[in-house]
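Given next are the chains, with one letter for each unit.
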Protein chains: 2
Amino acid sequence: MASIKDVATKAGVSTATVSRVINNHPSVSVETRREVHSAMDFLCYVPNRSAVQLNGKCSGLIGVVVPNLINPHFCELLASLEEEARYVGKSVLVKTHQNQPFQDKQLVRTLVGMGIEALIWVPTEAESSLSEWLLSTGVNTAVVTQTSRFFNSVSNNQERGAETIAEHFIDIGRTRFGFIGQDGVDNRKISAFCKKALSHGHRVEKHHGYWIPKGDGENSRGHIHSLDSIVDKITSREDKINCLLIYNDVAASYVIEKLRRKGGNVPGDIAVASFDNTIIAQVMNITSIAQPINEMGKLAFELINKTEKYDHIDSIALTTKLIVRESSLGMTVTKI
Amino acid sequence: MASIKDVATKAGVSTATVSRVINNHPSVSVETRREVHSAMDFLCYVPNRSAVQLNGKCSGLIGVVVPNLINPHFCELLASLEEEARYVGKSVLVKTHQNQPFQDKQLVRTLVGMGIEALIWVPTEAESSLSEWLLSTGVNTAVVTQTSRFFNSVSNNQERGAETIAEHFIDIGRTRFGFIGQDGVDNRKISAFCKKALSHGHRVEKHHGYWIPKGDGENSRGHIHSLDSIVDKITSREDKINCLLIYNDVAASYVIEKLRRKGGNVPGDIAVASFDNTIIAQVMNITSIAQPINEMGKLAFELINKTEKYDHIDSIALTTKLIVRESSLGMTVTKI
DNA sequence: TTGAAAGCGCTAACAC
DNA sequence: GTGTTAGCGCTTTCAA
């Protein structure tokens, strides 16, 4: 690897001059500048970031921590963040915590040790002692997808989204409401869903709500084990539900497939709606709550820069949009 | 932020001793070690990675360059690499080149400048001058998904996969073959497909083969513009094809949807098969060529460690597997 | 407009 | 066992 010294020698100048050229310092003659540039090109010179960093410059590293990269939702988020980072000349260091708080802690610490300038974080849990430590390190942090007591955050109004789904179900004449949610993650949105249903006279029966236990994460192919028995229970009950809210697209696609295999008609018998509006919802024609992912990415970057300027905490909640598709409305899909 | 000097002063020893304690060097007395540790604790000392790196130590950084993060195929690959990296205590620096050779060059250079220990690379083009420079930098590199003249690589036997698809189409009695491929990327697999078809007496007519031009990348939602007009052409021709190979799942899901919207029956009129077997193929029931993604991830990590030990180039080609689903066989899906 | 030289925080010979 | 010292590659005064 060519160093600044090699370039200086090749161009017949001092390292200081090369440094000036690199940093576009005005006080370098056009002639010299040209000379240095061609030397850099010839040697395929790339400045060593560590050395630059050591002089108090920024590391160019942005840490991104997401639950997993199996769910296309987080991939979309990462794609948006990577694009934003590339745009502003930063690099993204990705880590997945697989919904394990222990991993979460480890990863964030590792990232801080690597000298990240900022952290964009989808935490395992809403709050934790880790947050306080993180705050003390002074690393600019933005929480994404959730709100936080400690950091700026950008999330979606999921409660409102859940209400929209309830309203949609009511609009299409559904009466017996059911849901599938992740315990400890989706409680608020599920609660909003139930309340809205109730306000229209539809009580969500306790035995029509299914919770994925905390331990049951997605496996390497994104499969949730509990879903199988849940579908069994849904189809075997006497008082069947006729509409179902599912916490995300991936789970919904699995449940719909399973319901159909068991002879159920979606949306005929059960209308289904879910969250995220990923590519899965698009190809499977699932009614879903869309989040403005790209906007979230942009805002996350804005928030990390705001951290040091203001002493109050920004919690941005973006509005979501219900995308109605066949899983809750329209043509009935039947297998002949 | 406390530095090693502060710790040394606080503990009443030299910086060298502190360094020894940090690196668990055996020749430090228990007493001194204890002293130093408590000083580190007191000052909340965290070693500065840049300084460590500058001394030629490993950065713990693995660069990963993929075309995009929209196609679930690359997300799966990234997920596998991230998991592997986490397992061996390394961090992944992701970059996407969006199939632009110019980006590719920029990104690889940036990554090298950041002091990556190794690069796992899905290049824009099979070979380029960039490879030679990269080779000269001595960064251990593994090419994934393609083969390379310069670096170890792990890829799939895509030609064999394409042949398998041709054989499958023949098995189910199809006669008029068509394909959609990406120009400059899929030439070899398409060629294998055509040859295999021909060897069974089915010539793939020139006007039944469609190429996505090089410029037409996936947009932010993964949509390929050329696909629209291709579907129009496919459905409007007099001598219609009755089987179609498509270069990947994402494109296939779009084409199938479009064909069905236009009244086409898949697989009744046209059997469709594609590559990658991502979650999209699973939920859409598309016959697809599965790649052993996790194995690829593991092998990529093995290959980067092999680079410096041997002077020959390893090109591992894994075997793929045809997963037959409804898009080419089985129940006909109709909309009522 | 340019060069010499002093560090940034850490490691690793080499002394003692 | 421990300290001294010379860098790693770069930036940045300070002089010239």
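Quick caveat, the model's predicted, so the values are computed rather than measured.

Each side of the interface is counted separately: chain B has 54 residues, and chain A has 53 residues. Between chain B and chain A, roughly 4700 Å² of surface is buried when both sides are summed, and carbon and sulfur atoms account for 58% of that area. Counting across the interface, chain B meets chain A through 2 salt bridges. Across the pair Glu326 of chain A and Arg261 of chain B runs a salt bridge, and its minimum N-O distance is 4.0 Å. Remark: the boundary between chain B and chain A carries 14 residue pairs in polar contact (both at pLDDT 80 or more). When contributions to the side of chain B that touches chain A are tallied by element, the ones reaching two or more residues are helix 4 (49-54), helix 5 (72-87), strand 2 (91-96), helix 6 (101-113), helix 7 (129-137), helix 11 (249-261), helix 12 (279-284) and strand 13 (333-335) of chain B. Sheet topology places strand 2 (residues 91-96) of chain A next to strand 2 of chain B; 3 bridges connect them, and they run antiparallel. Opposite Leu93 of chain A, over in strand 2 of chain B, you have Leu93 of chain B as the bridge partner.

Moving on: the domain arrangement of chain A. Residue and element names in this part refer to chain A. For chain A, the assigned domains read domain 1 (4-156 + 293-318) and domain 2 (158-292 + 321-335). A straight line from the C-alpha centre of domain 1 to that of domain 2 covers 37 Å. Residue-level contacts link 13 residues of domain 1 with 15 residues of domain 2. Viewed at the interface, domain 2 and domain 1 are joined by 0 salt bridges. Our count for the contact surface shared by domain 1 and domain 2 stands at 6 residue pairs in polar contact (both at pLDDT 80 or more). Secondary-structure elements contributing two or more residues to the side of domain 1 that touches domain 2 are helix 5 (72-87) and helix 13 (293-306). When its residues are assigned to classes, the side of domain 1 that touches domain 2 shows 5 nonpolar, 6 polar and 2 charged.

Mapped onto the present numbering, the UniProt feature "domain: HTH lacI-type" (unreviewed entry) falls on residues 2-56 of chain A. Between the C-alpha atoms that bound residues 2-56 of chain A the distance is 22 Å, and the span itself is 65% helix and 0% strand.

Another aspect to go through is the environment of Gly115 of chain B. All names here are of chain B. Along the chain, the position of Gly115 falls in the loop between helix 6 and strand 3 (118-121). With 33 residues separating them in the primary sequence, Gly115 and Ser148 have C-alpha atoms 23 Å apart. Once residues within four sequence positions are removed from consideration, Gly115 is found in contact with Gln53 and Ser59.

Before going further, it helps to spend a moment on the protein's contact with DNA strand D. If you check the shell around DNA strand D, you find 25 residues, and the closest are Ile4 and Tyr45 of chain A together with Thr17, Arg20 and Thr32 of chain B. Among all atoms of DNA strand D positioned within 4 Å of the protein, those belonging to sugar or phosphate total 60%. The separation between a phosphate oxygen of DNA strand D and a polar main-chain atom of Ser14 of chain B is 3.0 Å. At the level of secondary structure, the elements contributing two or more residues to the surface near DNA strand D comprise helix 2 (15-22) and helix 4 (49-54) of chain A together with helix 2 (15-22) of chain B.

Here we take up the relation of the copies chain B and chain A. Once chain B has been moved 1.1 Å along the axis and rotated by 179°, it coincides with chain A to within an RMSD of 1.6 Å. Seen this way, the second copy is the image of the first under a two-fold rotation axis. Across chain B, the rotation axis passes nearest the C-alpha of Leu93 of chain B, at a separation of 1.9 Å. A shared interface surface links the copies, since 93% of the contact residues of chain B are contact residues in chain A too.

Looking now at the nonpolar core. Counting residues in hydrophobic clusters, the biggest one holds 54 residues, and the most contacted among them are Ile180 of chain A together with Ile180 of chain B. With residues near it in sequence (within four places) discarded, Ile180 of chain A still touches Ile190, Tyr210, Ile212, Leu227, Ile230, Ile234, Leu244, Leu245, Ile246, Tyr247 and Val255 of chain A. By size, the runner-up hydrophobic cluster in this structure holds 52 residues, among which are Leu81 and Ile304 of chain A together with Met296 and Leu318 of chain B.

Lining the immediate environment of DNA strand C, one finds 24 residues, of which Thr17, Arg20 and Thr32 of chain A together with Ile4 and Tyr45 of chain B sit closest. Arg20 of chain A places a side-chain nitrogen or oxygen 2.4 Å from a base oxygen of DNA strand C. Within the side chain of Asn23 of chain B, a nitrogen or oxygen atom sits 3.3 Å from a phosphate oxygen of DNA strand C. Classifying every residue of the surface near DNA strand C by side-chain character gives 10 nonpolar, 11 polar and 3 charged.

About the thresholds
- Residues numbered from 1 in each chain as written.
- Chains lettered and ligands numbered in written order.
- Predicted model: local features only at pLDDT ≥ 70, side-chain atom pairs only at ≥ 80, totals over all residues.
- Heavy atoms only, no water.
- Contact = heavy atoms within 4.5 Å.
- Buried area = accessible area lost by both parts, 1.4 Å probe.
- Salt bridge = Lys/Arg side-chain N within 4 Å of Asp/Glu carboxyl O.
- Polar contact = N/O pair within 3.5 Å; in protein donor to acceptor, adjacent residues only side chain to side chain.
- Helix = DSSP H or I, 4+ residues; strand = E, 2+ residues; numbered from the N terminus.
- Pairing = 2+ DSSP bridges.
- Domains from an automatic or database assignment.
- Nonpolar A, V, L, I, M, F, W, Y, C, P; charged D, E, K, R; others polar.
- UniProt positions renumbered as here; feature names shortened; annotations may be inferred.
- Near = heavy atom within 4 Å.
- Least-squares fit on C-alpha atoms with pLDDT ≥ 70 in both.
- Core = buried A, V, L, I, M, F, W, Y, C linked by side-chain atoms within 4.5 Å.
- Buried < 20%, exposed > 50% of the residue type's maximum accessible area, 1.4 Å probe, protein only.

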